[in-house]
Structure formats: C-alpha cells, structure tokens
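# Residue-level structural notes
Read off the chains here:
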Amino acid sequence: MNTTEQNETATKIAALNDAARSNALNYMATRGVVALEEVTISEVFTKVQNFTKFTEDNDPYGEHDFGSFEVAGNKVFWKIDYYTEDLSSGCDPLDPRCRRVLTILLAEEY
C-alpha cells in the first residue's frame, strides 16, 4: 500500500472512529472510572465524545483510535478496538460489520 492509499485508509477509519466516539453506546469503562464521582464520570464521557486533540504523538497513524486527558486530577485514556459483531474476535476496521468498542480507563489502570 502506498502512502496515498495509507492516508485515505486512515482518513476513512478516523471518520468511523469519530462517529463511534460521538455515541456513548459503545463505551466500556473500567472499575476505576466507574468509581469516580458521578459528575466526574459525566465529564469524562463528554471529554471523550468531544476529543479533538489528535497529534503525531497520540495518533501516529491518523486513525483517531486513542486519546488522553485529565479530569478532576485523574489522567484518563480511551482506546477504540475493533471486533466482529458477536465480539468473538478482532475485525478489519473498514468492514461494514465491524463493531467498535471504546474503552475508557484511568492511566493508573493501564
């Protein structure tokens, strides 16, 4: 795959990831996140949905599949993984049947 094709593929994946991130339906939160105060959890979910600070450091492939930020003194990570519809195995992120699962965790849980 040449550079132009790689960029086009990354752009398509990023658009699908951005759409998935805008909907909390696919969110999974770790115990550490769930243990935060309710207002903090709400802020975490909002920051994930609105995240736009993609850089070469946190998004080297341009796919918008990872982010990090701080909320109420907590460093938070989020990551998108790609699964088959039944969640039994990994999946090509461009497969129309791909199910994106976004996991939110505290950095200390990594």
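This section reports on the structure supplied with the text.

A separate point is the layout of surface pockets. Computed from the structure, the largest pocket encloses a volume of approximately 150 Å³. For the largest pocket, the full set of lining residues is M1, Q6, N7, T9, A10, Y61 and E63. Residues of the lining of the largest pocket, tallied by class, amount to three nonpolar, three polar and one charged.

On the secondary structure map, N74 appears in strand β3 (residues 74-83). Within the structure, N74 has its side chain in polar contact with the backbone oxygen of A72 (distance 3.2 Å). Beyond its immediate chain neighbours, meaning those up to four positions away, N74 contacts L36, F69 and L106.

Okay, the pattern of salt bridges next. Scanning the entire structure with this criterion turns up three salt bridges. The shortest N-O distance in the salt bridge between D18 and R21 comes to 2.6 Å. Highlighted residues: D18 and R21, both in helix α1 (residues 3-21), separated by three residues, approximately one helical turn. Overall, R21 belongs to the buried group, its relative accessible area being 3%. Taking the shortest distance from any N to any O, the salt bridge between K79 and D65 comes out at 3.3 Å. Taken together, the residues span a long stretch of sequence, with K79 in strand β3 and D65 in the loop between α3 (38-49) and β2 (66-71) at a distance of 14 residues. Owing to a relative accessible area of 29%, K79 belongs among the partly exposed residues under this scheme. On the accessibility criterion, D65 (15% relative accessible area) is buried.

Attention shifts here to the nonpolar core. Of all hydrophobic cores here, the largest spans 18 residues; its most connected members are V44, V48, F69, V76, W78, L102 and I104. Put simply, the parts of the chain that give this core at least two residues each are α3, β2, β3 and β4 (99-106). The greatest single-element share of this core, amounting to four residues, is contributed by β3. When residues no more than four places from it in sequence are discounted, the contact partners of L102 are R21, N26, Y27, M28, V48, W78, K79 and I80.

Reading guide: rules and limits
Residues numbered from 1 in each chain as written. Predicted model: local features only at pLDDT ≥ 70, side-chain atom pairs only at ≥ 80, totals over all residues. Heavy atoms only, no water. 1 Å grid on protein atoms, 1.4 Å probe; cavity = no way out; pocket = protein on both sides within 12 Å on 5 of 7 lines; lining within 4 Å. Points joined across faces, edges and corners; volume = space filled by probe spheres on them. Nonpolar A, V, L, I, M, F, W, Y, C, P; charged D, E, K, R; others polar. Helix = DSSP H or I, 4+ residues; strand = E, 2+ residues; numbered from the N terminus. Polar contact = N/O pair within 3.5 Å; in protein donor to acceptor, adjacent residues only side chain to side chain. Contact = heavy atoms within 4.5 Å. Salt bridge = Lys/Arg side-chain N within 4 Å of Asp/Glu carboxyl O. Buried < 20%, exposed > 50% of the residue type's maximum accessible area, 1.4 Å probe, protein only. Core = buried A, V, L, I, M, F, W, Y, C linked by side-chain atoms within 4.5 Å.

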